[in-house]
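Residues per chain are reported as follows:
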Amino acid sequence: PETISIQELANRMAERAVDVIRLLMKQGQMVKITDVIDADTAQLIAEELGHSVRRVAESDVEEGLFDTADTAEELVSRPPVVTIMGHVDHGKTSLLDAIRKANVVSGEAGGITQHIGAYQVTSPLGGKITFIDTPGHAAFTAMRARGAKVTDIVVLVVAADDGVMPQTIEAINHARAAKVPLIVAINKIDKPDAKPERVRSELLQYEVQVESLGGDTLEVEVSAKAQTNLDKLLEAITLQAEVLDLKANPDRVAEGTVIEAKLDRGRGPVATVLVQRGTLHVGDIVVAGAEFGRVRALIDDKGANVTEAGPSFPVEVLGFNGTPEAGDRLAVVESEARAREITDYRQRQKREKAAARSATVRGSLEQMMS
Ligand code: GDP
Ligand code: MG
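Numbers given to residues run from 1 along each chain, matching the order in which its sequence is written. Chain letters start at A and ligand numbers start at 1, both assigned in the order the entries are written. It should be noted that, the model being predicted, local features are given only for residues of pLDDT at least 70 and side-chain atom pairs only at 80 or more, the latter also being counted only at that level, while totals for whole chains, interfaces and linings use all residues. Side-chain descriptors were evaluated using all non-hydrogen atoms of the structure, hydrogens and water having been removed beforehand.

**A word on the site of ligand 1**
Then comes step 1: Whether a residue is near a molecule or strand is decided by its heavy atoms; if any one of them lies within 4 Å of it, the residue is near. Surveying the vicinity of ligand 1 reveals 15 residues, the closest of which are D89, K92, T93, S94 and D190.
Then comes step 2: Definition of a polar contact: a pair of N or O atoms within 3.5 Å, with one able to donate and the other able to accept a hydrogen when the atoms are protein atoms, and with sequence-neighbouring residues admitted only if both atoms are side-chain atoms. Between D89 and ligand 1, the recorded distance is 2.8 Å, taken from a backbone N or O atom to an oxygen atom.
Then comes step 3: Taking A224, its main chain carries an N or O atom lying 2.9 Å from an oxygen atom of ligand 1.
Then comes step 4: Here the accessible surface of atoms and residues is derived via Shrake-Rupley with a 1.4 Å probe, and residues count as covered only by protein chains that are part of the display. Summarising the interface, the protein chains cover 72% of the accessible area of ligand 1, which totals 580 Å² for the free molecule.
Then comes step 5: Here the shell around ligand 1 takes three residues from helix α5 (residues 92-103), the largest share from any one element.
Then comes step 6: We call Asp, Glu, Lys and Arg charged. Ala, Val, Leu, Ile, Met, Phe, Trp, Tyr, Cys and Pro are nonpolar, and the rest, Gly among them, are polar. Within the shell around ligand 1, the residues separate by chemical class into two nonpolar, seven polar and six charged. Strands are runs of DSSP state E lasting at least 2 residues, helices are runs of H or I lasting at least 4, and numbering of each runs from the N terminus.

What follows is the structure, encoded as structure tokens:
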């Protein structure tokens with residue numbers, strides 16, 4: 001059921017909390033300023049204080065933001081979005097860097113100077129591949145917790161000199177829970193003590209059966225350091241993507257997910273957004289989490305300004321009024337008024353949740369003290 005704290009109710013009416021408390025007491029309810037009351041009681045109190053009430057349900061605010069379906073004819077192939085996972089020191093960062101470097105066309109403007117949290121490369125088989133450049137389970141888990149599904153394929157990096165380790169197993173479990181297919185990259189094969197065969201048999205214990213052992217999980221032996229077989233890894237990703245038949249409608253208002261966000265001294269809030277449906281344009285009014293803004297500029301992974309970004313394209317979005325959070329879903333809305341309504345509502349929700357949390361903490365502290 002919907003609830004509101006006494007403090008929040010008083011704030012919204014611009015009344016004093018003591019007056020709200022006094023009215024509630026008159027009705028026989030003993031409450032403190034931090035207590036929450038149900039929406040019906042709140043409405044009675046508000047009306048008694050001479051305010052008119054408009055009850056806004058979550059569905060009024062959130063409906064229509066993400067739920068319009070596309071027809072089959074509107075769907076067009078889109079690049080796969082790939083996350084690299086694996087045990088610490090097995091070479092996730094090295095592999096991401098090596099793939100990016102190997103793919104830079106000489107003389108390309110900006111080169112690889114830009115780090116925006118995601119980048120695109122061209123596959124040797126044609127087509128693009130998008131890598132989320134924030135390896136690690138924390139980012140993946142945070143996004144999943146917010147209901148954001150951004151990854152199509154997980155590349156599981158296992159160092160050939162170290163084998164399957166705890167975070168390798170964790171990554172397998174994450175991918176399985178998210179129903180995302182794995183490609184195994186057996187890394188560090190340049191090392192004299194590399195034992196790729198051992199990695200293959202260890203993976204079997206966790207029900208990951210690679211192709212060379214008769215299974216259907218693609219595998220590639222690579223060396224991030226020696227830049228060995230990086231093309232083969234990109235080919236495997238493209239093949240896996242073809243099986244997944246990834247599509248999106250580019251001709252609709254954009255939806256996406258915030259991959260990273262920060263407050264930049266010169267540029268203000270900067271969010272790296274992965275567009276997942278539709279096309280994002282400069283000038284669009286966007287909401288992400290509890291923040292909104294009008295897109296002032298879009299910057300791609302090479303540092304170039306672009307006017308639009310379609311499905312699976314990562315871009316930096318400038319123009320937010322506040323800094324959204326990684327994992328926040330982004331939607332385009334028709335007006336600033338609508339953007340404000342949605343984000344006001346979400347900010348209230350956030351405040352109320354925080355207040356409820358601190359009330360619980362306070363309550364249990366009081367219990368501990370007594
Ligand atoms: P991460 O923790 O998974 O991101 O691992 P890093 O990319 O930071 O790599 C950990 C260490 O392994 C670093 O010292 C790298 O230089 C080294 N390393 C990564 N890939 C290779 C490789 O293919 N061969 C060798 N010999 N060393 C590697
Ligand atoms: Mg790393």
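**Comments concerning the environment of I285**
Then comes step 1: By the secondary structure assignment, I285 is in strand β14 (residues 285-288).
Then comes step 2: A sequence separation of 49 residues divides I285 from E334, and the C-alpha atoms of the two residues are 6.9 Å apart.
Then comes step 3: Two residues qualify as a contact provided that any one of their heavy atoms is within 4.5 Å of a heavy atom in the partner residue. Beyond its immediate stretch of four places on either side in the chain, I285 contacts G293, R294, A331, V332, V333, E334, S335, E336 and A339.

**What to know about the sheet that holds strand β4 (residues 81-86)**
One key point about sheets: their strands pair by backbone hydrogen bonds, in either a parallel or an antiparallel sense.
Then comes step 1: Read from one edge to the other, the open sheet built from six strands follows the order β5-β6-β4-β7-β8-β9, with strand pairing classed as mixed. Strands at the two margins of the open sheet, each flanked by one partner only, are β5 (118-122) and β9 (218-221). Mean inter-strand twist for the sheet, computed between neighbouring axes without regard to direction, equals 30°.
Then comes step 2: Here, strands pair whenever DSSP counts at least two bridges between them. Bridge count for β4 against strand β6 (residues 128-132) is three bridges, and the pairing is parallel. Paired with T83 across the strands is I132, a residue of β6.
Then comes step 3: An axis is simply a line fitted to the C-alpha atoms; with a helix, the fit covers only the stretch in contact. Between two such axes, the angle follows the N-to-C directions and lies from 0 to 180 degrees. Its contacts with the sheet place α5 against β4, β5, β6, β7 (153-159) and β8 (182-187), and it is angled at close to 50° to β5.
Then comes step 4: Each of β7, β8 and β9 touches helix α8 (residues 196-204); the most contacted strand, β8, lies at about 150° to it.

**Description of helix α7 (residues 166-177)**
Then comes step 1: To estimate how far a helix should reach, multiply one less than its number of residues by 1.5 Å. Between its terminal C-alpha atoms α7 stretches 17 Å, which fits the 16 Å expected from 12 residues at 1.5 Å a residue.
Then comes step 2: The complete set of buried residues in α7 reads T168, A171, I172, H174 and A175. Along the long axis of α7, the arc covered by the buried residues comes to 160°, so they all point the same way. Three labels apply to residues, based on accessible area from a 1.4 Å probe with only protein chains included: buried if under 20% of the type maximum, exposed if over 50%, partly exposed otherwise in between. It is the directions from the helix axis to the C-beta atoms that the arc portrays.

**Quick word on unusual backbone geometry**
Then comes step 1: Even without being a glycine, N229 presents a positive backbone phi close to 65°.
Then comes step 2: Along the polypeptide, N229 turns up in the loop between β9 and α9 (230-244).
Then comes step 3: Residue classification places N229 among the partly exposed residues on the basis of a relative accessible area of 26%.
Then comes step 4: The residue D245 is not glycine, and still its phi comes out positive at about 50°.
Then comes step 5: Assignment of secondary structure puts D245 in the loop between α9 and β10 (247-248).
Then comes step 6: Using a relative accessible area of 47% as the deciding quantity, one classes D245 as partly exposed.

**Quick look at the confidence of the model for the protein**
Then comes step 1: Residue-level confidence of the predictor is summarised by pLDDT, bounded by 0 at the bottom and 100 at the top. Across the protein, pLDDT averages 89, with 88% of residues at or above 70.
Then comes step 2: Predicted as a complex, the structure gets a pTM of 0.81 and an ipTM equal to 0.99.

**Notes on the nonpolar core**
Then comes step 1: For this analysis, a nonpolar core means a set of buried residues of the types Ala, Val, Leu, Ile, Met, Phe, Trp, Tyr and Cys, connected via side-chain atoms within 4.5 Å. In terms of nonpolar packing, the biggest core is built from 26 residues, with L95, I99, F131, V155, I183, L233 and I237 touching the most fellow members.
Then comes step 2: Among the elements of the structure, β4, α5, β5, β6, β7, β8, β9 and α9 are those that each provide at least two residues to this core.
Then comes step 3: Of all the elements, α9 adds the most residues to this core, at six residues.
Then comes step 4: One finds A178, V184, V208 and V210 within the second-largest nonpolar core, a separate group that totals 19 residues.

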